[in-house]
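In case you want the letters, here they are:
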Amino acid sequence: KEYLFQKLKEKSPNIVNLPYLGIMHRLDKDTSGVIMFTKKREANGFYHNAFENHLIKKEYFAIVSPKNKSAEKWLLKKDFSVSFYMGEKKKKSHSAKWGRVEQEKGGVYSKTNFHVEKRLPSDLYLIKCVLETGRTHQIRVHLSSLSLPILGDVLYGGKNAGRVMLHSSKLTLPQIQEKSPLEIFSPFPDDFQTYIK
């Protein structure tokens, strides 16, 4: 949010009152890509309901590093889904770990659809991730549960890479006054590109 305010100041240096910016959803600290803000408070209710009713489609890409032989069966399938109840498992001073938690113990339903895009050098794989629900650390937990942790995601068993190699690539959302949905894309950042060239 501060970054956007800074850009607005650079674009209009004489601006006195900064415009309203409402955060509609968040990305994990190291995740790159599309994030959504509203410019008017009146739009918040519409988009909050759209997120709640799964009318907004979120697509990500992850670079994964298989941990063992059991991960290979998922990679050979090309298309697969993961769904289970999940919640916070372990609190830490700077980060919390999430995982399977029974519904009776407060777990909430989660589901992600995956497609293996291609194999990369160094036994890495590029995987498209389409969210059906939006839980904290959902993609990271789901892939880790299949022994396919995201590169850089040391919290969930991934190899160190400077950051979690997860990118929010596309957001498809309804428009308040338009019938056709709006599609917003974000290209891969440079650090992501170095693995997929």
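Before any of the text, the structure's been laid out above.
Residues numbered from 1 in each chain as written. Predicted model: local features only at pLDDT ≥ 70, side-chain atom pairs only at ≥ 80, totals over all residues. Heavy atoms only, no water.

**Student:** Where do I start with the layout of surface pockets in this structure?
**Tutor:** Taking a probe equal in size to a water molecule and rolling it over the atoms shows the remaining empty space. There is about 730 Å³ of room inside the largest pocket. Taken together, 27 residues make up the lining of the largest pocket; nearest its centre are His25, Arg26, Lys58, Gly134 and Arg135. When residues of the lining of the largest pocket are assigned to their parent elements, the largest contribution, 4 residues, is made by helix α2 (residues 42–52). Taken together, 20 residues make up the lining of the second largest pocket; nearest its centre are Phe37, Thr38, Lys39, Lys40 and Ala43. If you list the elements that add at least two residues to the lining of the second largest pocket, you get α1 (2–11), β3 (37–38), α2 and β10 (182–185). (1 Å grid on protein atoms, 1.4 Å probe; cavity = no way out; pocket = protein on both sides within 12 Å on 5 of 7 lines; lining within 4 Å. Points joined across faces, edges and corners; volume = space filled by probe spheres on them. Helix = DSSP H or I, 4+ residues; strand = E, 2+ residues; numbered from the N terminus.)

**Student:** Looking at this model, I keep getting lost on helix α4 (residues 138–145). Mind explaining?
**Tutor:** Working note: α-helix, 3.6 residues per turn, so residues spaced by three or four point in the same direction. Along α4, 6 of the 8 residues are buried, which leaves the element largely enclosed by surrounding structure. All buried positions along α4 are accounted for by Gln138, Ile139, Arg140, Val141, His142 and Leu143. Phi turns positive one or two residues past the end of α4, at Ser147, with a value near 65°. (Buried < 20%, exposed > 50% of the residue type's maximum accessible area, 1.4 Å probe, protein only.)

**Student:** Which parts of the structure should I look at to understand the side chain of Thr133?
**Tutor:** Along the polypeptide, Thr133 turns up in the loop between β8 (124–131) and α4. Among the polar contacts listed, one links the side chain of Thr133 to the side chain of Gln138, at a separation of 2.8 Å. Setting aside its immediate chain neighbours within four residues, Thr133 contacts His54, Tyr109, Ser110, Lys111 and Gln138. (Polar contact = N/O pair within 3.5 Å; in protein donor to acceptor, adjacent residues only side chain to side chain. Contact = heavy atoms within 4.5 Å.)

**Student:** Even after reading the chapter, I still don't get the pairing of strand β9 (residues 166–173), so can you show me in this structure?
**Tutor:** Side chains on a regular strand alternate between the two faces of the sheet. Summarising burial for β9: 8 of the 8 residues are buried, a large majority. Bridge count between strand β2 (residues 32–33) and β9: 2 bridges; the pairing is parallel. Within β9, the position partnered with Gly33 by the bridge is Ser168. Across 6 bridges, the pairing between strand β4 (residues 57–64) and β9 is antiparallel. Its bridge partner lying in β9, Lys58 is registered against Leu171. Relative to β10, β9 runs antiparallel, the two being bridged by 4 bridges. Along β10, the bridge assignment pairs Leu173 with Leu182. (Pairing = 2+ DSSP bridges.)

**Student:** How do you make sense of the pattern of salt bridges when you look at a structure like this?
**Tutor:** Two side chains of opposite charge can pair, provided their charged atoms sit close to one another. Considering all chains together, one arrives at 8 salt bridges under this definition. A salt bridge links Glu132 to Lys111; the nearest nitrogen and oxygen atoms lie 3.9 Å apart. Here the residue Glu132 occupies a position in the loop between β8 and α4, and Lys111 occupies one in strand β7 (residues 108–120), the gap between them amounting to 21 residues. Given a relative accessible area of 37%, Glu132 falls into the partly exposed group. When the shortest N-O distance is used, the salt bridge between Asp153 and Arg140 registers 2.7 Å. Highlighted residues: Asp153 in the loop between α4 and β9 and Arg140 in helix α4, separated in sequence by 13 residues. Arg140 carries the same exposure label as Asp153, and that label is buried. Linked by salt bridges that have partners in common, Asp28, Arg140 and Asp153 make up one network. (Salt bridge = Lys/Arg side-chain N within 4 Å of Asp/Glu carboxyl O.)

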